[in-house]
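# Notes for the structure review
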Amino acid sequence: MASRSTPSPSRAPGRPVGSVTRGTTNPNRLRRMDRWIAAAHGAALRRAGDPVAVDLGYGAAPWTAVEMLARLRDAAPRVRVVGIEIEPARVAGAKPYERDGLSFRHGGFEVPLEGGERPMLIRAANVLRQYDEEQVAEVWARLCARLAPGGLLVEGTCDEIGRRHVWVALGPEGPRTVTFATRLGSLERPSDLAERLPKALIHRNVPGEPVYGFLRDFDRAWAAAAPYASYGARQRWIRTARALSADWPLADGPGRWRQGELTLRWEALRPVG
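Residues numbered from 1 in each chain as written. Predicted model: local features only at pLDDT ≥ 70, side-chain atom pairs only at ≥ 80, totals over all residues. Heavy atoms only, no water.

## What about unusual backbone geometry?
The phi torsion of most residues other than glycine is negative, and most of the peptide bonds are trans. Defined as follows: Secondary structure elements are defined from DSSP: runs of H or I of at least 4 residues count as helices, runs of E of at least 2 residues count as strands, and each element is numbered from the N terminus. The buried label applies to any residue whose accessible area, calculated with a 1.4 Å probe on protein chains only, is under 20% of its type's maximum; exposed applies above 50%, and partly exposed to all values in between.
Despite not being glycine, Asn 28 has its phi angle at roughly 70°, a positive value. When you line up the elements, Asn 28 lands in the segment before helix 1 (31-47). In this model, Val 111 sits at a positive phi of 50°, which is unusual for a non-glycine residue. Within the secondary structure, Val 111 sits in the loop between strand 3 (102-106) and strand 4 (121-125). Among the residues examined, Val 111 registers a relative accessible area of 0% and is labelled buried.

## Focus on the pairing of strand 7 (residues 174-182)
We apply this condition: Strand pairing is defined by DSSP finding a minimum of two bridges between the two strands.
Along strand 7, seven of the nine residues are buried, which leaves the element largely enclosed by surrounding structure. Both strand 6 (residues 164-171) and strand 7 contribute to a ladder of eight bridges, which runs antiparallel. Paired with Ala 169 across the two strands is Thr 177, which belongs to strand 7. In sequence, strand 6 turns back onto strand 7 through a hairpin of two residues. Pairing of strand 7 with strand 8 (residues 261-265), which is carried by five bridges, proceeds in the antiparallel orientation. If you follow Thr 179 over to strand 8, its bridge partner there is Thr 263.

## Notes on the environment of Glu 114
The criterion, for reference: Here a polar contact is recorded for every N or O atom pair within 3.5 Å, except that within protein the pair must consist of a potential hydrogen donor and a potential acceptor, and residues adjacent in sequence are included only if both atoms are side-chain atoms.
Tracing the chain through its elements places Glu 114 in the loop between strand 3 and strand 4. Exposure remark for Glu 114: the relative accessible area of 57% places this residue in the exposed category. Between the C-alpha atom of Glu 114 and that of Trp 266, which follows or precedes it by 152 residues, the distance is 32 Å. Within the structure, Glu 114 has its side chain in polar contact with the side chain of Arg 105 (distance 3.0 Å).

## A closer look at the sheet that holds strand 1 (residues 52-56)
Backbone-to-backbone hydrogen bonds join strands into a sheet, with any given pair of strands oriented parallel or antiparallel. This is how it is decided: Working convention: axes come from line fits to C-alpha atoms, limited for helices to the stretch in contact. Angles between N-to-C directions cover 0 to 180 degrees. Two residues qualify as a contact provided that any one of their heavy atoms is within 4.5 Å of a heavy atom in the partner residue.
Ordered by their spatial adjacency, eight strands build an open sheet running 3-2-1-4-5-6-7-8, and the pairing between neighbours is mixed. Among the strands making up the open sheet, the edge pair consists of strand 3 and strand 8. Along the sheet, successive strands turn relative to each other by an average axial angle of 20°, direction set aside. Seen against the sheet, helix 2 (residues 63-75) touches strand 1, strand 2 (80-85), strand 3 and strand 4 and runs at an angle of roughly 150° to strand 1.

Note that all results are geometric; they support no functional claim without further evidence.
Written out as structure tokens, the structure is:
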């Protein structure tokens, strides 16, 4: 779903909201996001009576939805996954992959589910990348309004093979956290993740904006932790995170840092103005 025009609630009834994306996808591309979701949201999915998770805009092939089901069921065995795509041909192509707990539907940002169900999770990865920045708040609000109580929206961007990924987690009330995740062995400096900032932040990586200051401090802490590189990139990352926690409100700890992740409160990176 990619468009230069704002997705509007005034579209004709029954017409999906949004536009078709390029559909680029690869197996295992979203593994870092899925593992974080299972860790951060698995308990809420287990508590729900009939939890539904949506893979919104899964692309030209259904791999990400298939993998999402397997990974989430490790954390919440009753979860069902619905892949939603705005391109009818992609939905038709995904139908042979349907199985117990996995189905595919035609739709867009209106998130059409059977019987008006409200999902406990919506994952929108690499969907807003080509939208304009001013459209993000409306899309976030629309998707958050579809969540069940206690639900979570995870929206972000990654590279083609999932080595670098940044996402925002939102509840019904709005954005909560921003997570930076990477394959540590491929990282030269943390600011390399800037190219994968979600649309709400990518154009804000300029002096005077919080995300710019954070990435600057991230690089400085990484450089200061260089002596720990002899113990491996993981130990260097953990040391870097500890140093950052003195000045930035990190929302996770060593258990997640060891995975090559770092999560901050949204308020720390909220764009100026």
